[in-house]
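# An overview of the molecular structure
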Amino acid sequence: MIKYYKVLDKDLRSKDGGNFDYSEFVKSKDWTPLIDDISLCDRGYHVTEFWNMWVSDSSNRIFEVEIKGAVVEENSVGVVEKVVCKSIRF
């Protein structure tokens, strides 16, 4: 089973773009609201197998997550840097 991670800033918000506050979902362990029309780098919950690729400073927080409705796209060398999902749970 693949483990996926979400990297957040110190305030539990999306680290790279967006201003979604994940604090309620980190604490409650509930699924995030469903997003049907997901698109990599545009819309949806983005997670990764390789959290170390996305940490930019010591205040970043790393969480293991479960995923629903994932779309996986490999880059040109066959590496999956990130995955976009319809919902995640911390």
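Criteria and cut-off values
- Residues numbered from 1 in each chain as written.
- Predicted model: local features only at pLDDT ≥ 70, side-chain atom pairs only at ≥ 80, totals over all residues.
- Heavy atoms only, no water.
- Helix = DSSP H or I, 4+ residues; strand = E, 2+ residues; numbered from the N terminus.
- Rg over C-alpha atoms; globule rule 2.2 N^0.38 Å.
- Buried < 20%, exposed > 50% of the residue type's maximum accessible area, 1.4 Å probe, protein only.
- Contact = heavy atoms within 4.5 Å.
- Phe/Tyr/Trp six-rings, centres within 6.5 Å; stacked < 30°, edge-to-face > 60°.
- Lys NZ or Arg CZ within 6 Å of the ring centre and 35° of its normal.
- Core = buried A, V, L, I, M, F, W, Y, C linked by side-chain atoms within 4.5 Å.

### Observations concerning the overall build of the chain
- Along the backbone of the chain there are one helix and six strands.
- Along the chain direction, N to C, the helices and strands of the chain fall in the order β-α-β-β-β-β-β.
- The globule rule puts the C-alpha radius of gyration for 90 residues at 12 Å, and the 12 Å found for the chain is close to it.
- Dimensions of the chain along its principal axes, counting C-alpha atoms only, are 35 × 30 × 25 Å.
- Classification of the 90 residues of the chain by burial places 32% in the buried group.
- In the chain, the proportion of contacts linking residues at least 24 apart, taken out of those at least 6 apart, comes to 63%.

### Brief notes about the side chain of T48
- If you trace the backbone, T48 turns up in the loop between β2 (45–47) and β3 (61–68).
- With relative accessibility at 4%, the residue T48 sits in the buried group.
- Leave out the neighbours within four places in its chain, and T48 touches K3, Y4, Y5, W54, E81 and K82.

### Describing the packing of aromatic side chains
- Across all of its chains, the model carries six aromatic pairs by this definition.
- Both rings, one in F20 and one in F25, keep their centres 6.0 Å apart while their planes meet at 20 degrees; by these two values the pair is stacked.
- The class of F20 is partly exposed, set by a relative accessible area of 30%.
- A residue is classified by how much of its surface remains accessible, and F25, at 8% relative accessible area, is buried.
- Measuring from centroid to centroid gives 5.9 Å for F20 and Y45, while their planes differ by 75 degrees, and the two rings are edge-to-face. In this pair, F20 is assigned in the loop between β1 (4–8) and α1 (23–28) and Y45 in strand β2, connecting sequence segments 25 residues apart.
- An aromatic cluster is built from F20, Y22, F25, Y45, F63 and F90, whose rings are joined through pairwise contacts.
- The positively charged end of K68 is found above the aromatic ring belonging to W31, 4.3 Å away from the centroid.

### Remarks on the nonpolar core
- Counting residues in hydrophobic clusters, the biggest one holds 18 residues, and the most contacted among them are L8, Y22, V26, V47, I88 and F90.
- Only β1, α1, β2, β3 and β5 (83–85) provide two or more residues apiece to this core.
- Considering each element in turn, this core owes the most residues, three residues, to β5.
- Apart from residues no more than four positions distant in its own chain, Y22 is found in contact with K6, L8, L12, R13, S14, T32, Y45, I88 and F90.

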